[in-house]
Structures are given as C-alpha cells and as structure tokens.
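Chain and residue survey
What follows is the residue order along each chain.
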Amino acid sequence: MAETPKLKEMSQEDRLHRMRHSAAHIMAEAVLELFDGAKFAIGPAIDNGFYYDFDLPQPLTPDDLQKIDRRMRRTIKRNVEFVHSDITKDEARAMFAGQPYKLELIDGIEDEAVSLYQHGDFTDLCEGPHVGRSGQVGAFKLTSSSGAYWRGDEHNPMLQRIYGALFETQEELDAHLERVEEAQRRDHRRLGRELGLFAGHELIGAGLPLWLPKGATVRRLLEEFITGLERQAGYQHVYTPHLAKRELYEISGHWDHFQDDMFPPMDLEHEQMVLRPMNCPHHILIYKNDHHSYRDLPVKIAELGTMYRYERSGVVGGLSRVRAMTLNDAHIFCAPEQVKAEFSNVMRMVEEAYEHLGITEYSYRLSLRDPENKEKYAPGDEMWDTAEQTLREAMDELSLPYTVAPGEAAFYGPKLDIQFSDLLGREETYSTIQIDFHLPNQFDLSYIGEDNEEHRPVIIHRGVISTMERMMAHLIELYGGAFPLWLAPIQAVVIPIADRHLDFASQVVDDMLAADLRVELDDGGDRMQAKIRNAQLQKVPYMLVVGDREQEAESVAVRLRSGEDLGPLPVFQVIDRLKDEVATRTK
Ligand code: TSB
Ligand code: ZN
C-alpha cells in the first residue's frame, strides 16, 4: 500500500516532521550498512532535525559522521520510494531477529499488526508518516553524536545517538546552524569563564555560583541601578535574615505548597530552621511591626533578597537557574482599590529598567491557577477569581497583549510574568508582578481605613529585574559579553607603548579613577598590538594608547573594542566622553 503524500499541501509542521523522520530512516540505513554488527534502536524527528540511537561496536568519530553523511546523500539521490506495510508480530520478530532493541519494541506493541516503512533495502518498525520519496527530505547536516541510555534509563546499555539538523531549504539550514553557532559564542557559561565573571566549584555544589570580581562589579552596578529607581519611586529598603523557623512557612503556606522546592529543614535544639525560598514572609513581618493607616498606603518594602530553592540537579546550569539567588524583590502593601494603579506603576518601572538595560524583546504571560489542580494552590475560589479578574483588568487598561498560562500561578496568587527567549528560543520568566489576597489573610494583616475600621490590605509581590543571577545570564548573552560602558567591569585599559611612558600612563589611570571610572593599566611585557588584542578579547570598551606624542600632548590615542580608531584626544576630553556615555546608560 504505497502512499503518495503531497508535501506542498501540508502544513509546514507536518511536512518538516515527515522530512526529518524520513532522514532518520535514511541515516539508520547508512549506519547499518557501514558498521557490521550495528544494532538500531529508535530515531524520531525532533525540533530542528532528527536523531537515531545505535548500539555500535566502536565509538563514532567525526570521520564516521562524514561517511554516514555521504552514504545518506546517495540514498537521497536515488530518490527511492517510502512504502508502508503491515505484518503480524511473528513475522516482525523473524524480520528483526538479531536486533534486540527492535524485538523489545515489538513486544511492547499492543496491536497484533505491526506497521513497517521500507525504502530501498531498508525496513524499519514505524508508524510513519514519511515523505513519498527519499529525494524529498530537504537540506540536512549531521551535527553531533553523544551517549544516550536505551529508553533514557541509566540501568540500560549506553547507545550512541547521532543528531542531524534538517530544514526544507539550504538557506534555512544555514540560518539555523548560524544561530546555533552564535548561541554557543554568546553562551553565558562560556563567556562567564572567558571573561572571568563567575565560576563554580565542586566543593560548593551545583547551582551555587561564585561571583568573581568582574562579575561582582556588574552585579553591584545592576543593584545600584535598580535600587536607585526604587528609591525614586518611594520604596523602603530593608535587610532580613536568610532563614526562619519552619512555623513561619507553615503559616504562609509555603510548607504545604512549596516544600518540594525548599531545602530540607535544619534541626536545632528545640526547633527546625528553614532556608527561605522566598522573602515575602519576612517583609510581611516588617509590615506587621507597625500599625498602618490608609494614609500610609501603599507601603513598599524592598530588598535585594537572597533566597534558596532546591532546584533539581538536572535543571540547574550556569546562572539562569540556580539554588542560591538574590531577587530584586519588593512587596507592596496596598488597599484593594489601589492595586491597579500600583500594578501600572510597577509596569512603568519595568519598562524604564529595560530601556536602560537595552532589553527590547519580551512578551507578557498571564499565569493563572490550574483549574484542574486546585489543591496545588492556596484555597478560596472567590479570592482567586477576584485576583485573576483584577490582574486581567489591570493588563487590559494598559492595552498590552499577553498569552494566558493556566498552571503557572504562584501558590498564593496569579502573576503577570515577563518572558524572554534565549538565542535558541527557550523561554524563561524574568520580571513578575503578582496579586496576593492569601498571605494578608494568613498573617492577619490590617490597616485602619478612613472609616476608622480595620481593613485587609492586598500584597503585590514584584521582581523588576528578576534575580541578579538570571538577569546577569541574560545580559551576558544579550551583549555577547561586550557590556555597555555603564555596566562594563573594566571601562578602559591604558596601554603604554614603552617603559618610558609608564609614569604618564599611571597618571592617566589615576585621573580616570578619580573621575570614578573603572580603568586598568596594562604594564605587562607584551607588545602594544598584543595588549590591544587582549583588551579586545576581554571586551573592554576603550583602549587608551600612550606613546611619545601622546605623552607630549597630555593625550591618549583612543581605540574602541569594535576596532574603530578615534585618534589622539586630550585626557580630560576622554574622561568627559566616558562620563557622558555612562550617564546616558544604554539610551
Ligand atoms: C516576586 N515572592 C515572589 C517575589 O516577591 C517570588 O519569589 N516570585 S517567584 O517565585 O516567581 O520568583 C521571582 C523571580 O525569580 C522569577 O520570576 C524568576 O525570574 C526568578 N527565579 C526563580 N527561580 C529562579 C532560579 N532557580 N534561579 C534564578 N532565578 C530564579
Ligand atoms: Zn513575594
């Protein structure tokens, strides 16, 4: 029963799926032909391409991938037909005798009939669908191979997985490969190492980064920047300890609803202490430390709050998902009728922060309770309805587009999350604004209203620039490590051409330091060109070269990290220029 699919009439998704899956078959054919005794397991289509898992007598080399590639192109050129058929399980067992993985798969099939696809002399156990002929698979490249356990289980044999990228056209494939390369070049883990921004250590553990001096400088600048915006907006900054008694989190509901994400408690003499997974309960107790009248509201308690979450070892990596993190956090205690106005104030702060940081691509996500799994959240349908309704109205008033994500709410309330994608399209939440009617109840919060009666405030939880860790990861990748001047850990390197220029060069450094610029002297033994190259590799924005002529004229020869040469400029002018550039940030 031959099928003649008309690729042009299908959705692109369907078409690509068939092409990628067909290429996986063609790859398996090539591998079985090239490697005596090869066993083949499974080979699906995936995002951007396909893979196939093999049990092979020896590890694959890059050379092998080339051979496989050539063999695949032969099959593609021959333009053989993909043919579907059904046989019985017994027939299938006979056909795949000597292929233990296929036999195991056959055992797992519930029907009596087993579906096959054949092209040329190669047949695979397969439900399809495929392209009509091998010439239709599009443009592909075998990209890598790696180990993968059979059925993803570490007790099973380790197989070798070969990955291919596949698109309809060579241009699309090239664009994809270029994107992947660019993503690797910009990967914050790689740049974090190369630029000396942060590190990890086995003795400390996964997800617990060390901020090295240069990374710490960028972080301090970020912290100063955001706390500055907050001070202007009337936030009050506090410091609170990173742990508390377990009872605190029993009252808040974290113990019931967030325990899986918390480190286990520490046993002390008569009590259990917990590393905090969030800062809210501490801020709530600061609110409760005073009596409040409607005239004080909104009360905005802010902190660069360090918190600890037991993220699973499989998901921690670099700085974007860590186990110890410092959030640009605040809790706004306000009257119910103030919620929408406060919400849009926060949104405005988010926009301003993004503008200065140079962040232009993001999307809004309304994160709601999952109606199918209400037990995961704090109870109270009415409270949830009010909170979700308020949030929707607040968003609609701002006329901003958003997607809706049921199941992504915090346990205490719905959130407006701001999502960024990385270079490979993976999304993470950065800013978040959350409406909470639950914690005010749990802690019996109140303020005295105009009517002299006690009223319950609402809490808006918000993080404007996310955790320092996650934002740092993003900024490193956004700028490929070449931070704008105001965030650059080293803003300029002064490069004397010969030893006789050292004194003047040191004086330039001192003048710039006095002007609050971050500058270093490269007094090493390298030649000038090597020093310039080194500063460029470190992505230092300005290189200031000092030779005889410059020394004479109290100037420096200015070069940018882009390679642009601005020629000699008087030192005082260079300082003014840098100060101006810092003051305007990324605007
Ligand atoms: C905003 N209580 C609120 C706070 O008041 C809160 O903690 N919200 S949160 O759980 O959504 O976390 C706030 C932000 O921290 C997230 O939006 C995300 O940007 C960041 N974040 C969360 N988990 C991690 C992690 N493991 N590593 C780095 N950043 C994280
Ligand atoms: Zn909070």
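None of the values given here were measured: they were computed from a predicted structure.

With respect to the helices and strands, Asp53 occurs in strand 3 (residues 49–55). The contact partners of Asp53, leaving out residues within four places of it in the chain, are Lys39, Phe40, Ala41, Ile42, Ala148, Leu159, Gln160 and Arg161.

Glancing now at a nonpolar patch on the surface. A cluster of nonpolar side chains, namely Leu203, Ile204 and Leu210, defines an oily patch on the protein surface of about 310 Å² accessible area. Considering the arrangement of structural elements, one finds Ile204 in the loop between strand 9 (198–199) and strand 10 (210–211). Overall, the relative accessible area of 40% leaves Ile204 in the partly exposed class.

For helix 4 (residues 100–107), every residue scored as buried is listed here: Tyr101, Lys102, Leu105 and Ile106. Looking straight down helix 4, one finds its buried side chains confined to an arc of 140°; they lie on one side. Tucked inside the fold, the buried residues of helix 4 contact strand 1 (39–40), strand 3, helix 3 (89–95), strand 6 (122–125) and strand 8 (158–167).

Glancing now at the nonpolar core. Ranked by internal contacts, the top residues of the largest apolar core, which has 55 residues, are Leu357, Leu416, Ile465, Met471, Leu475, Phe483 and Leu487. Of the residues forming this core, the biggest block, 9 residues, is contributed by helix 11 (residues 339–357). Those residues in contact with Phe483 that lie beyond four places of it in its chain are Leu197, Val218, Met472, Leu475, Ile476, Ala488, Pro489, Pro541 and Arg561. Membership of the second largest hydrophobic core comes to 45 residues, among which are Ala28, Ile76, Phe122 and Leu142.

With that out of the way, let us pick up the sheet that holds strand 28 (residues 565–570). Read from one edge of the open sheet, 5 strands run 25-24-26-27-28, paired in mixed fashion. Single-partner strands in this sheet number two, and they are strand 25 (519–521) and strand 28. Neighbour to neighbour, the strand axes of the sheet diverge by 25° on average, direction disregarded. With 4 bridges connecting them, strand 26 (residues 542–546) and strand 27 (residues 555–560) associate as antiparallel partners. Along strand 27, the bridge assignment pairs Leu544 with Val558. Here helix 15 (residues 502–514) sits on the sheet and contacts strand 24 (492–496), strand 25, strand 26 and strand 27; the angle it forms with strand 25, its principal contact strand, is near 165°. Running over the sheet, helix 18 (residues 571–583) touches strand 24, strand 26, strand 27 and strand 28 and is turned about 115° from strand 28.

One pass over the full model with this rule turns up 39 salt bridges. Among the salt bridges present, the one from Arg73 reaches Asp69, with a minimum N-O distance of 2.9 Å. Here Arg73 and its partner Asp69 are both found in helix 2 (residues 62–78), 4 residues apart, which amounts to about one turn of the helix. In this structure Arg73 comes out as partly exposed when scored by relative accessible area, which is 39%.

On to the site of ligand 1, then. As a structural note, the neighbourhood of ligand 1 is formed by 23 residues, with Glu311, Asp329, Thr429, Ser466 and Thr467 the closest of them. In the environment of ligand 1, a nitrogen atom lies 2.7 Å from a nitrogen or oxygen atom belonging to the side chain of Glu311. Contacts to ligand 1 include Thr429, whose backbone N or O atom sits 2.9 Å from an oxygen atom. Burial of ligand 1 by the protein amounts to 95% of the accessible area it has alone, namely 610 Å². Breaking the shell around ligand 1 down by element, the ones donating at least two residues are strand 16 (324–334), strand 20 (427–436) and strand 23 (458–467). Among the elements that make up the shell around ligand 1, the one with the highest residue count is strand 23 (5 residues).

With that settled, the discussion passes to the coordination of the zinc ion (ligand 2). Bound to the zinc ion (ligand 2) are the protein donor atoms Cys280 (SG), His331 (NE2) and His461 (ND1), situated 2.0 to 2.5 Å from the metal. Considered as a linear motif, the donors of the zinc ion (ligand 2) on their single chain read C-x50-H-x129-H. Note that Cys280 is positioned in helix 10 (residues 280–288) and His461 in strand 23, a separation of 181 residues in sequence. An identical accessibility class is assigned to Cys280 and His461; each is buried.

So, on to the environment of Arg231. Within the fold, Arg231 resides in helix 7 (residues 213–232). Sequence separation between Arg231 and Ala302 is 71 residues; the distance between their C-alpha atoms is 9.4 Å.

Axis separation between helix 11 and helix 12 (residues 381–398) bottoms out at 10 Å; the angle between their running directions is 55°. The angle between helix 11 and helix 12 places the two elements in the oblique class. Taken as a pair, helix 11 and helix 12 cross one another with a handedness that is right-handed. Counted together, Val339, Lys340, Phe343, Ser344 and Met347 of helix 11 and Thr390, Leu391, Glu393, Ala394, Met395, Glu397 and Leu398 of helix 12 form the full contact between these two elements.

On to the pairing of strand 23. The buried count for strand 23 comes to 10 of 10 residues, which makes it a mostly enclosed element. Here strand 16 pairs with strand 23 via 7 bridges, running antiparallel. Bridge pairing in strand 23 links Ala330 to Arg462. Sheet analysis places strand 20 next to strand 23, joined by 5 bridges and oriented antiparallel. By the bridge assignment, Asp436 is partnered in strand 23 with Ile459.

Let's shift gears to unusual backbone geometry. Omega for the peptide link from Gly128 to Pro129 comes to -5°, which places this bond in the cis form. Inspection of the secondary structure puts Pro129 in the loop between strand 6 and strand 7 (139–149). A cis amide bond links Leu297 with the next residue in sequence, Pro298, at an omega value of -5°. The residue Pro298 is located in the loop between helix 10 and strand 15 (299–308) in this model. Residues other than glycine seldom take positive phi values, yet Ser399 does so here, at roughly 50°.

Cut-offs applied
- Residues numbered from 1 in each chain as written.
- Chains lettered and ligands numbered in written order.
- Predicted model: local features only at pLDDT ≥ 70, side-chain atom pairs only at ≥ 80, totals over all residues.
- Heavy atoms only, no water.
- Helix = DSSP H or I, 4+ residues; strand = E, 2+ residues; numbered from the N terminus.
- Contact = heavy atoms within 4.5 Å.
- Patch = residues over 30% accessible without salt bridge, like charges linked within 9 Å, V, L, I, M, F, W, Y side chains within 5 Å.
- Areas by Shrake-Rupley, 256 points an atom, 1.4 Å probe, with all protein chains shown as cover.
- Salt bridge = Lys/Arg side-chain N within 4 Å of Asp/Glu carboxyl O.
- Buried < 20%, exposed > 50% of the residue type's maximum accessible area, 1.4 Å probe, protein only.
- Arc of directions from axis to C-beta.
- Core = buried A, V, L, I, M, F, W, Y, C linked by side-chain atoms within 4.5 Å.
- Pairing = 2+ DSSP bridges.
- Axes fitted to C-alpha atoms, helices over the stretch in contact; angles between N-to-C directions.
- Near = heavy atom within 4 Å.
- Polar contact = N/O pair within 3.5 Å; in protein donor to acceptor, adjacent residues only side chain to side chain.
- Donors = N, O, S within 2.8 Å, 3.2 Å for Na, K, Ca; no water.
- Parallel < 35°, antiparallel > 145°, perpendicular 65-115°, else oblique.
- Left-handed = near helix turned anticlockwise from the far one by under 90°.

Spatial relationships are all this shows, so hold off on functional conclusions.
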